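This is what each chain is made of:
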Amino acid sequence: MLTWPPPQIPRLPGRGGPIRVRDTSTGELVVAATGHTATVYVCGITPYDATHLGHAATYIAFDLLVRSWRDAGHSVRHASNVTDVDDPLLERALATGVDWRDLAIEQTALFAEDMTALGVIPPDVYTGAVESVFTVAQAVRDLLAAGAAYRVEEPDGTGHGRGDVYADLSVDPDLGQVAGLDRDEMLALFAERGGDPARAGKRDPLDPLLWRRERPGEPSWDGGELGSGRPGWHIECAVIARDGLGLPFDVQGGGVDLRFPHHEMSTSHARLLDSGQGARLHMHAGMVGLDGEKMSKSRGNLVLVSRLRALGENPMAIRLAILAHHYASDWEWTDADLERARARLDRWQRAVSGNGGPDATATLAAVRTALSTDLDAPAALAAVDAWAEDALRADGTASTAIGAPGVVARTVNALLGVRL
Ligand code: ZN
């Protein structure tokens, strides 16, 4: 798929150190990339409703990782997907009388506009579910041939020996390493988050769908010996990550609600496809709430980035409002977040508008240190706040270093993605 235009990233003096992040599988703070090329796969959107602040917070979190990796001298390879055919998209299209393809195209375009406005660096590999159907179908055939998958027939035999295909989790002894849940917890979340534990004919209630046979009125593709149908979501991400990054890769990320079953299952699939390893570590962004509830399409309590933009909100204020919260924390969106962010943006703009200002060497170092410690954006903002306060001090006691405002403006732009 086509991505959106990349933002300009200014060069900074010197170079940042190794980037450590918290691996949600182990809880440990670990170096996120060990080689020269740093690789990350971030699960993309299902394009049936525009970007809400929870999405924006997730993609900005991984944008910080990409920016810090670049600053540390890594060559970065970032892959993402768009789930442009899936049950919720088809349901929304049916409910609103829109062709599912038109809905996907329209919402994918709106997402790209939102990401452009928010200054998110586009992924290097950006693959839609539809354009990956045939490679995913091949992977499902490979898993069947390897004995890691099986067919489930309809009770009336309508599958004609070619029913839906499920992964056989019993062949993966490492299942459970991503989310670290016990079986009861896995069963509860699987049922809650789109799984089908009660499906008759499965060997284990947790076995996830790999290939869904065509149903009347649903789009389908030729799966060869699988019959016509479409892929399951977990195998789709496993294959797009494998083909875009190679296995193993450094980081798999997304919102924390993807931890189980999505990342557990896609990592299991990647392991079995490659007889090795999927992501080395997992990172998850917290949930953004509104009025005491998680912001989600199914609850309908969304604050949309496009709506805020249409109301004239500066996207950099939206970005700053998000950066004021650590990516891994759960937090509530309120209007006060935006007011504080506007005030901060205004202060920073005034502070960098002078010819000179307090020396910025320590500020750049503090921003780098904050981000290299599990992407601590609030600490990075505090370091810039401190510099801006010095610069704006009216009593004239602030020391002046020629060029310092430029260094701060470039720091904020390159590392935090905030254009002043
Ligand atoms: Zn995914």
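Everything discussed here concerns the structure shown above.
Computed from a prediction, not measured in an experiment: that's the story for all the values here. (Residues numbered from 1 in each chain as written. Predicted model: local features only at pLDDT ≥ 70, side-chain atom pairs only at ≥ 80, totals over all residues. Heavy atoms only, no water.)

Attention shifts here to the coordination of the zinc ion. With distances of 2.0 to 2.1 Å, the protein atoms coordinating the zinc ion are Cys43 (SG), Cys237 (SG) and His262 (NE2). Sequence spacing of the donors to the zinc ion: C-x193-C-x24-H. Pair noted here: Cys43 is in the loop between strand E3 (37–42) and helix H1 (53–71) and His262 is in helix H7 (residues 259–274), with a separation of 219 residues, a long-range link. (Donors = N, O, S within 2.8 Å, 3.2 Å for Na, K, Ca; no water. Helix = DSSP H or I, 4+ residues; strand = E, 2+ residues; numbered from the N terminus.)

For the rest of this paragraph, the subject is the pattern of salt bridges. Under the defined criterion, the tally for this structure stands at 24 salt bridges. Its salt-bridge partner being Asp172, residue Arg271 comes within 2.8 Å of it at the nearest N-O pair. Taken as a pair, Arg271 in helix H7 and Asp172 in the loop between strand E7 (164–167) and helix H5 (183–192) lie far apart in primary sequence, 99 residues in all. In this pair, the class of Arg271 matches that of Asp172, namely buried. (Salt bridge = Lys/Arg side-chain N within 4 Å of Asp/Glu carboxyl O. Buried < 20%, exposed > 50% of the residue type's maximum accessible area, 1.4 Å probe, protein only.)

Relative orientation of the contacting elements helix H2 (residues 87–96) and helix H3 (residues 100–117) amounts to 110°, with a least axis distance of 9 Å. By the angle between their axes, H2 is roughly perpendicular relative to H3. The hand of the H2/H3 crossing is right-handed. For the pair formed by H2 and H3, the contact residues are Leu89, Leu90, Arg92 and Ala93 on the first element and Trp100, Leu103 and Ala104 on the second. For the contact of H2 with H3, the residue count by class is six nonpolar, no polar and one charged. (Axes fitted to C-alpha atoms, helices over the stretch in contact; angles between N-to-C directions. Parallel < 35°, antiparallel > 145°, perpendicular 65-115°, else oblique. Left-handed = near helix turned anticlockwise from the far one by under 90°. Contact = heavy atoms within 4.5 Å. Nonpolar A, V, L, I, M, F, W, Y, C, P; charged D, E, K, R; others polar.)

On to the sheet that holds strand E12 (residues 288–290), then. Pairing in this open sheet of three strands is mixed, and the strands run E13-E12-E14 from one edge to the other. Of all strands in the sheet, those bounded by a partner on one side alone are strand E13 (293–294) and strand E14 (331–332). Of the strand pairs in this sheet, E12 and E14 are connected by two bridges, and their pairing is parallel. Across the sheet, the residue bridging to Val288 is Trp331, located in E14. (Pairing = 2+ DSSP bridges.)

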